[in-house]
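# Structure at a glance
Below are the chains, spelled out letter by letter.
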Amino acid sequence: MSYKTDIIYDGVGGVTPSRLSVDDLSWEQTSQMNLGLDLSLLGGRVTLTADYYDKYTKDLLAQFQVPKEWGYNYTMKNIGEVRNQGIELALSGDVLQRDKFRWNLAFNLSKNVTRIEKLADGTPYLQSGLWWMEEGGKLGDFYGYKAIDIFQYSESNAFTNEWQQLTPVFENGIFHKYTLNGTDYTGEVLQKTLPDGRPFRGGDINWQENGEPDGIIDEKDRMVLGNAQPKFTEGFNTQLTYKNWDLFLSFYYSIGGDLYNYARQERNAFRFTGTTPEPEVIYNLWVKEGDKALYPHPYNDEYDNARVGQGHSFYIEDGSFIKLRNARLSYTFDRELVRKLKMKNLALYVYGNNLLTWTNYRGYDPEFSTGSALELGRDNNRYPRKREYGVGFNMNF
């Protein structure tokens, strides 16, 4: 047990525990197996490298959520065991090689999957309110509610006893009847509600139920919505040399893998007076009965069925991207000129880093680091990687 000593209560100094102690806490233990293959082909012009690895970690350390009655939110605990398996392939070689021209290509591909093999007590749990942890599952599983659409009218929250959604019909702005697939419906009408019985209204999100529907949207309706682990990460480099000129380009791309754009969710929540939501949200927001909207009504403290916390599908996005990570163009001066300047070599170059990104992700940068290996893919508005430009020269005497 550790203690805080800078505590003042009723004018008297004292101490208080800063975190809970765990008697059987231990260090993580890791074992790893690697298999590799290196090939050189065509007289060394082409090289191929292949690696397979299997990394197993026991006694994984993490912040574990504890009951609020304990007076703390989290404590450090050995939560279980994970397996990290993957392959890495690299291929490089000269595509063309002439007296004055040379073209080299290099390609690499990686695939990695991290799975949860065991949990401390075998019971699945929710990590930090967003990531689902269960034996056999993958790290980075986003867990929450799945949105279908926005209720256009309060009367749109209407379903048959088999939970088929009905269509309300209005005459002169007054509700008249329901139809099902274009046919008048006169049977029993059911509504989706919160656990306390309040029905969803116009402008609220129509949430999908998980499993056998009962019309009550509650914790059991949460489901795995996506995963933050990319399917593949790849790199591609090319270098072209012609006479004294040399051009190098380096690309990096990630295919698959979801990101939770928590920064967009907070911006568009209408809870903060100093924050302006995105124009797309403002122009596609439900405001009044009958609006066909892409986003729910603005935040309402008194009656807010539209928000269910950070875990829902509205802000899960595809995190795939391609980046031009490095570019460099250089010119090497002729040796005769360099000798007259009493030097052995002289080269000038211009370069750029993080020049271009192609992605459909709407955050600043789809490539960002995470603070915990258990909490992958949540974007809290991290500052993007900086773009750099520069010029330089190399001189050898």
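In what follows, the structure referred to is the one given above.
Now for a description of the structure that goes with this document. (Residues numbered from 1 in each chain as written. Predicted model: local features only at pLDDT ≥ 70, side-chain atom pairs only at ≥ 80, totals over all residues. Heavy atoms only, no water.)

### Let's talk about unusual backbone geometry
Here Lys243, not a glycine, exhibits a phi torsion of approximately 55 degrees, which is positive. Structurally, the position occupied by Lys243 is in the loop between strand S16 (232-242) and strand S17 (245-255). Positioned with a positive phi, Asn381 is a non-glycine residue whose angle comes to about 70 degrees. With respect to the helices, strands and loops of the structure, Asn381 is situated in the loop between strand S21 (345-359) and strand S22 (388-396). (Helix = DSSP H or I, 4+ residues; strand = E, 2+ residues; numbered from the N terminus.)

### A few points about the nonpolar core
Counting 19 residues, the largest nonpolar core has Phe200, Ile205, Trp207, Tyr295 and Phe314 as the members making the most contacts within it. Counting nine residues, the second largest nonpolar core, distinct from the first, contains Leu60, Ile79, Ile116 and Leu374. (Core = buried A, V, L, I, M, F, W, Y, C linked by side-chain atoms within 4.5 Å. Buried < 20%, exposed > 50% of the residue type's maximum accessible area, 1.4 Å probe, protein only.)

### Some details on a nonpolar patch on the surface
Together, Trp245, Leu247, Leu329, Val350 and Val391 make up a nonpolar patch on the protein surface, roughly 440 Å² of accessible area in all. Mapped onto the elements, Leu247 comes out in strand S17. For Leu247, a relative accessible area of 31% gives the class partly exposed. (Patch = residues over 30% accessible without salt bridge, like charges linked within 9 Å, V, L, I, M, F, W, Y side chains within 5 Å. Areas by Shrake-Rupley, 256 points an atom, 1.4 Å probe, with all protein chains shown as cover. Salt bridge = Lys/Arg side-chain N within 4 Å of Asp/Glu carboxyl O.)

### Here's the deal with the side chain of Asp141
Considering the arrangement of structural elements, one finds Asp141 in strand S9 (residues 141-144). One buried charged side chain, Asp141, makes no salt bridge at all; its nearest oppositely charged neighbour is Lys138, positioned 5.8 Å away. Looking at Asp141, its side chain comes within polar contact range of the side chain of Asn227, at 2.7 Å. (Lys, Arg positive; Asp, Glu negative; His and termini not counted. Polar contact = N/O pair within 3.5 Å; in protein donor to acceptor, adjacent residues only side chain to side chain.)

### Examining the side chain of Lys192
Position of Lys192 relative to the elements: it lies in the loop between strand S13 (183-185) and strand S14 (205-207). Glu209 provides the closest opposite charge to the buried, unpaired Lys192, separated from it by 5.0 Å. Among all residues touching Lys192, those that are not within four sequence positions of it are Ile148, Asn157, Phe159, Trp163, Arg198, Pro199, Phe200, Asn206, Trp207, Glu209, Gly215 and Ile217. (Contact = heavy atoms within 4.5 Å.)

### A look at the sheet that holds strand S12 (residues 174-180)
Across a sheet, strands are paired by hydrogen bonds formed along the backbone, either parallel or antiparallel in direction. Strand order in the open sheet made by the three strands is S11-S12-S13, with antiparallel pairing throughout. Since the sheet does not close on itself, it has two edges, and those belong to strand S11 (167-171) and S13, each with one partner. Shown here is a sheet whose adjacent strand axes are inclined to one another by a mean of 50 degrees, direction ignored. With three bridges joining them, S12 and S13 adopt antiparallel strand pairing. Residue pairing for S13: Thr179 is matched across the bridge by Asp184. (Pairing = 2+ DSSP bridges. Axes fitted to C-alpha atoms, helices over the stretch in contact; angles between N-to-C directions.)

### Observations regarding the pairing of strand S15 (residues 223-227)
Burial within S15 is extensive, with four of its five residues counted as buried. Here four bridges tie S9 to S15, and the two strands are oriented antiparallel to one another. If you follow Phe142 over to S15, its bridge partner there is Gly226.

### Side note on the pairing of S12
The two faces of the sheet receive side chains in turn, since in a regular strand these alternate between them. Bridging between S11 and S12 involves five bridges; their strand directions are antiparallel. Bridge assignment links Glu171 to a residue of S12, and that residue is Ile174. Where S11 folds back onto S12 in an antiparallel hairpin, the turn is made up of two residues, including Asn172, whose phi is positive at roughly 55 degrees. Connecting the antiparallel pair S12 and S13 is a turn made up of two residues, with Asn181 showing a positive phi of about 55 degrees.

### Here's the deal with the environment of Ala50
When you line up the elements, Ala50 lands in strand S4 (residues 46-65). Sequence separation between Ala50 and Leu109 is 59 residues, and the spatial gap between their C-alpha atoms is 9.7 Å. The contact partners of Ala50, leaving out residues within four places of it in the chain, are Leu35, Gly36, Leu37, Glu88 and Leu89.

### Quick word on the pattern of salt bridges
Per the stated rule, a full pass over the model turns up 18 salt bridges. The residue Lys220 makes a salt bridge to Asp214 at a minimum N-O spacing of 2.8 Å. Linking Arg264 and Glu280 is a salt bridge whose minimum nitrogen-to-oxygen distance equals 3.9 Å. Of the two residues, Arg264 sits in helix H1 (residues 262-267) while Glu280 sits in helix H2 (residues 279-283), which places them 16 residues apart along the sequence. Several salt bridges share partner residues, and in doing so they unite Arg264, Glu278, Glu280, Glu317 and Arg362 into one network.

### Here we look at the packing of aromatic side chains
In the structure shown here, the tally under the stated rule is 15 aromatic pairs. Judged by centre distance (6.4 Å) and plane angle (55 degrees), the ring pair of Phe314 and Tyr315 falls under tilted. Of the two residues, Phe314 and Tyr315, both sit in the buried class. Note on Tyr349 and Tyr351: the rings are 6.3 Å apart at their centroids and 40 degrees apart in plane angle, and the pair reads as tilted. Take Tyr351: its relative accessible area is 30%, and that puts it in the partly exposed class. Site record: aromatic cluster; members linked through ring pairs are Tyr153, Phe170, Phe175 and Tyr178. The lysine or arginine in question, Arg328, covers the ring of Tyr349, its NZ or CZ lying 3.9 Å from the ring centre. (Phe/Tyr/Trp six-rings, centres within 6.5 Å; stacked < 30°, edge-to-face > 60°. Lys NZ or Arg CZ within 6 Å of the ring centre and 35° of its normal.)

Read these as spatial facts, not as claims about activity.
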